Every structure is written in C-alpha cells, then in structure tokens.
Amino acid sequence: MRFGRTRAIAVMSTFVLLAGCIGTARDEPQAAPGGPISVLVWGEPEEIEAYRRVVEGFAAVEPGIEVRLIETGDRDDLLARLSTSFAGGTPPDLFLLNYRFVGQYAARGVLEPIQGRLEESDAFAPEDFFPVALEAFTFDGVLTCLPQNVSSLVVYYNRDLFREARLPEPQPGWDFFEMVNLARLLTVDRDGDRRPEQYGLGVEPSIIRLAPFIWSNGGTLVDDEAAPTRFTLEEPAAVEVIQAFFDLREELEVIPTERETEAQADEDRFLNGTTAMVLASRRETPSFRTITDFEWDVAPLPVFQEPAGILHSDAYCMPRASEHKEAAWRFMEFALGPEGQRITAQAGRTVPSLIDVANSDAFLDPSLPPANSHVFLDTIPSIRRVPNISTWPEIEERTDELLEIGMYQRVSALDIAQRIIRETSEIFARAAP
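In this text, all values refer to a predicted model and were calculated from it rather than measured experimentally.

1. A word on the overall build of the protein
The helix and strand tally for the protein stands at 19 helices and 14 strands. Taken against the 2.2 N^0.38 rule, which gives 22 Å for 433 residues, the C-alpha radius of gyration of the protein at 22 Å falls within 12% of a compact globule. The principal-axis extent of the C-alpha atoms belonging to the protein is close to 70 × 50 × 40 Å. Counting the 433 residues in the protein, one finds 57% classified as buried. Considering the protein, the positive charge centre built from 39 side chains and the negative charge centre built from 71 side chains are found 3 Å apart.

Next up, the structure:
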C-alpha cells in the first residue's frame, strides 16, 4: 500500500503529448525565438489552473511563442512520461519536478544547465532567490534547474475542532510530545467501537516526513550529505524518532489504520473534517482553500530538541535535446519572474522562491487562508534537504515501503532501521559519482 504515491522508476507507456495550445497570437506577433514549446506539469486541479494562468499571462507579453501545457494529475505519470520521452529522444521543452527526482536526469547529462542564463538574465539575479532552493538544484557546482518554490513541511490544523475541544492552538516552539498529546485528545471514538470517527493526526510513514524530526533530535540521515554511501538510521537519535512515529499507530492509535488510510488519504480526511491535524507541504493549500465548513490554519513543525524543517521545492528543468531553448528560457523567465510567481503564489500553490514575492501580499495575503502563511517563511532558516543523488528515488521508495511495515505491523524501530540500511546499501552504491 503506497497511499497513491508510488514512484515510477522504470520506463512506462509511450509518451504522448496531451497538449492544448493556450494563448492566441495577436494580429502582429513579435518575432518568435523558436517554438512552439511544450511544458510538462503535474498537480491537483487547483494547481493546474494556476499553471494555466501563468501560460495565459505569458501569452499576453510573448504572443509570438506558443506554449503547449502538458497536464497530469499524478507524479507517477509525469515520471513515466519523462522516462519514455527521454528514451525516445522527444522530451518536453520544460518540465516541473521536485529536486528529489532531478538527480537521475542530471547524472545522465540530459539537462541543459541554467547557471549562465540566470547570471545574464534581466528578469532576475541569483541573489533574488532563496539560496537553499538554488542549492537543491545545483549539481557538480552548476545550477541545473531553476526553482519556483521553497516550501517546507508544516502542521495544518482544524481550528474549529481545537475550539470545540477547548484546546490551545499550536504555537511556535511546541514540541513533538505536545503534538502527540493534542492528537490523543482530538481522537474521538463516539460509539465506543474502538474505531474513531475522528483522528487527531494524519502523517504518512515516509522518510521525508521523519527526516526533519531526526534532524531536530540531533540525528543524521546519511554518512555524508554531499556524497552519501549509506543511511545512519541505526543511531539512537534516529531510532528514537522512528519509534515515536510507529507508536502513533499501534500504541496511541491517534492516526488511521492501514486499511483506513487505503480507503481515504490523510489530506481527504482533513478536508472533510475528520482529522484534526495533518503534516503536509504548501502544495495542499489550494485544495484546502476549498473548505467552507470550518476554519483552518498552519503551525510550524514541533521540535524534539531544536527547530528543523525539510525542503519541498520544484523547479523548471530544460532538456539538452530541446530544439527551442531560447523560447523555453523566455517562458521560464516569466513563470519564475515576479509576475509568474505572483500568479502561483496567489493560487496558494507555492512559497515563492523569489524573496521579494515571498514577502509580498501575493503570498502573505491575510484575507486568504492560512492566516499564518508567514510560518513557511519563518522555517526557511532551519530547512535542510535530502541528498539529491541519482538513485535517491529508488532509495526513497524502498525506505518508505519498510517504514510502512514498521508503522502498521509492530516491528521495532531499530529492526526497521537496520533493514533499511541493508536493503538500500546497494542502491547507494549505484549512485553516479
């Protein structure tokens, strides 16, 4: 059971451009530097609508460049399309991808470096972006893709449920065990059948959910962050965190069972008001803004010892095989420039990678939930990231499968940690230098 998030590693079905032309050329179009260009994105309907608005905005200023937006609602499908298109020599001109999945392409040398174009751009400069986002897409010292967002993991919470239970809302500086206690008090079994109608917390058993807490507890994930060869999850600081997560289900019963999660994802439970808190990144905000039955907000991650966060960042990448690089770069400059980033920020999808836009009303607008959007900015100084090595998608997939076993089958944290180390060592070894 993979919560609908299983990663597509192998080449899948034939890549077909399900593209629709967005934007109509004016009577006297500007000279086009090539095109049309294809741009591959993925996301929920609310996210896709934001990308459509970006394309429409670009058409208004660059009517001579036709943009064909390739839309998919699933990351698995996006990765499968990329694999097939690269194998066939027909990749899209641009694609939007999380840094955790870019290493496999950068290691093969199939991406066009962005460093030089950024340094010569009139639209923005390197210092305009949050450094942590640029670093995530830098390979062998060269910026390979250009980030659109610098999100982090936060706790979304149902304010109405907290008020009904007369519990204090989460505050900066709260600790992990305060969160657990609130989750316990907010888990409600109204008919006494030991199957709660309301859970206090929703969190998936994955390495990107556990990582910030391991760092917060003074632990490490890998032996060398720059050139990792193995996990270090057998260390006491990491084992303590892993066990604390496993206890959420089997000991405390404050999160749904495996069967319940298969039937309804944590984010959907939050949407319908049957889960009080859920750990997620900024990308859930557009969907949560559709909520009309209750008030909600966000809080920073609780700590074990010190604040720590994990980077969630996507970037536009340009394949070397693109025949329309200048046109693709023009679109990238717009989409990741102030106007384009304001569009995606206002839609709720992103924490803008441009510092000025992130600190503007386009992102911090207090009239739109979450009221505490500044939480995403406050956590940036403590954000860290997982290694961006070529085999990380495989490592993450196998690790999450084992964490899932530990969460739902009463296996000790140390046993799972040791098994993760054993079963991923060969995958680490295959990472491109």
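2. Description of the sheet that holds strand β11 (residues 296-299)
Within the open sheet, the three strands sit side by side as β10-β9-β11. Their pairing is antiparallel. One side of each edge strand has no neighbouring strand; the edge strands of this open sheet are β10 (277-280) and β11. Within the sheet, the average angular offset between the axes of one strand and its neighbour, ignoring direction, is 30°. With four bridges joining them, strand β9 (residues 154-158) and β10 adopt antiparallel strand pairing.

3. With respect to helix α19 (residues 413-429)
Given a rise of 1.5 Å per residue, 17 residues ought to cover 24 Å, and the 24 Å separating the end C-alpha atoms of α19 matches this to within 8%. Approximately 35° is the largest bend angle found in α19, and it occurs at glutamate 423. Taken together, the buried positions of α19 are Ala413, Ile416, Ala417, Ile420, Ile421, Thr424, Ile427 and Phe428. Buried residues in α19 make contact with α9 (236-250) and α18 (392-408).

4. Quick notes on unusual backbone geometry
Each neighbour pair has its own omega, and for proline 369 with proline 370 the value is 0°, a cis peptide bond. For proline 370, the position within the fold is in the loop between α16 (361-364) and α17 (374-378). For arginine 166, which is not a glycine, the phi torsion comes out positive at approximately 55°. Mapped onto the fold, arginine 166 is located in the loop between α6 (159-164) and α7 (176-185). Phi is positive for glutamate 253, which is not a glycine, with a value near 55°. In this structure glutamate 253 comes out as partly exposed when scored by relative accessible area, which is 29%.

5. Remarks on the state of the cysteines
The term disulfide refers to a covalent linkage connecting the sulfur atoms of a pair of cysteines. Applying the stated criterion to the full structure yields one disulfide. Bridging cysteine 145 to cysteine 317, the disulfide has an S-S length of 2.1 Å. Taking the torsion about the S-S bond as the criterion, the cysteine 145 to cysteine 317 disulfide, at about 110°, is right-handed. Separated by 172 residues along the polypeptide, cysteine 145 in the loop between β6 (142-143) and β7 (146-147) and cysteine 317 in strand β13 (residues 314-317) bring together distant segments of the chain. Taking relative accessible area as the criterion, cysteine 145 reaches 0% and is therefore assigned buried.

6. Focus on the pairing of β11
Every second residue of β11 is oriented toward a common face, with Trp296 and Val298 on one face and Asp297 and Ala299 on the other, all of them buried. Here β9 pairs with β11 via four bridges, running antiparallel. What sits directly across from tyrosine 157, in β11, is aspartate 297.

7. Let's talk about the confidence of the model for the protein
Counting all residues, the mean pLDDT for the protein is 92, and 92% of those residues have values of 70 or more. Every residue in residues 1-32 is under pLDDT 50, and counting partners more than four places away or in other chains gives 77 contacts.

8. Considerations on the nonpolar core
The biggest cluster of nonpolar side chains holds 139 residues, and the ones touching the most others in it are Leu146, Tyr156, Leu233, Met277, Tyr316 and Phe331. Broken down by element, the residue count for this core peaks at eight residues, all from α9. Leaving out residues up to four positions away in the same chain, leucine 146 has contacts with Ile114, Leu118, Phe124, Phe129, Leu134, Ala315, Tyr316, Trp329, Met332 and Leu336.

9. Side note on the packing of aromatic side chains
All chains considered together, the criterion is met by 25 aromatic pairs. Plain terms: the ring middles of tyrosine 156 and phenylalanine 288 are 5.0 Å apart, the flat faces sit at 85° to each other, and that makes the pair edge-to-face. You can see tyrosine 156 sitting in strand β9 and its partner phenylalanine 288 sitting in helix α12 (residues 285-288), a full 132 residues away along the chain. On the basis of relative accessible area, tyrosine 156 is assigned to the buried category, the value being 0%. Seen from their ring centres, phenylalanine 176 and phenylalanine 213 are 5.5 Å apart, and the 75° between their planes marks the pair as edge-to-face.

10. Let's talk about the packing of helix α8 (residues 207-216) against α18
Packing of α8 against α18 brings their axes to within 10 Å, and their N-to-C directions diverge by 85°. Taken together, α8 and α18 sit at an angle that is classed as roughly perpendicular. For the pair α8 and α18, contact is made by Ile207, Ile208 and Leu210 and by Trp392, Glu396, Thr399, Asp400 and Leu403, respectively. Each residue belonging to the contact of α8 with α18 can be placed in one class, and the counts come to five nonpolar, one polar and two charged.

Calculation notes
Residues numbered from 1 in each chain as written. Predicted model: local features only at pLDDT ≥ 70, side-chain atom pairs only at ≥ 80, totals over all residues. Heavy atoms only, no water. Helix = DSSP H or I, 4+ residues; strand = E, 2+ residues; numbered from the N terminus. Rg over C-alpha atoms; globule rule 2.2 N^0.38 Å. Buried < 20%, exposed > 50% of the residue type's maximum accessible area, 1.4 Å probe, protein only. Lys, Arg positive; Asp, Glu negative; His and termini not counted. Charge placed at Lys NZ, Arg CZ, Asp CG, Glu CD. Pairing = 2+ DSSP bridges. Axes fitted to C-alpha atoms, helices over the stretch in contact; angles between N-to-C directions. Expected span 1.5 Å × (residues − 1). Bend = angle between axes of the 7 residues up to and from the residue. Contact = heavy atoms within 4.5 Å. Disulfide = S-S within 2.5 Å. pLDDT = per-residue confidence, 0-100. Core = buried A, V, L, I, M, F, W, Y, C linked by side-chain atoms within 4.5 Å. Phe/Tyr/Trp six-rings, centres within 6.5 Å; stacked < 30°, edge-to-face > 60°. Parallel < 35°, antiparallel > 145°, perpendicular 65-115°, else oblique. Nonpolar A, V, L, I, M, F, W, Y, C, P; charged D, E, K, R; others polar.

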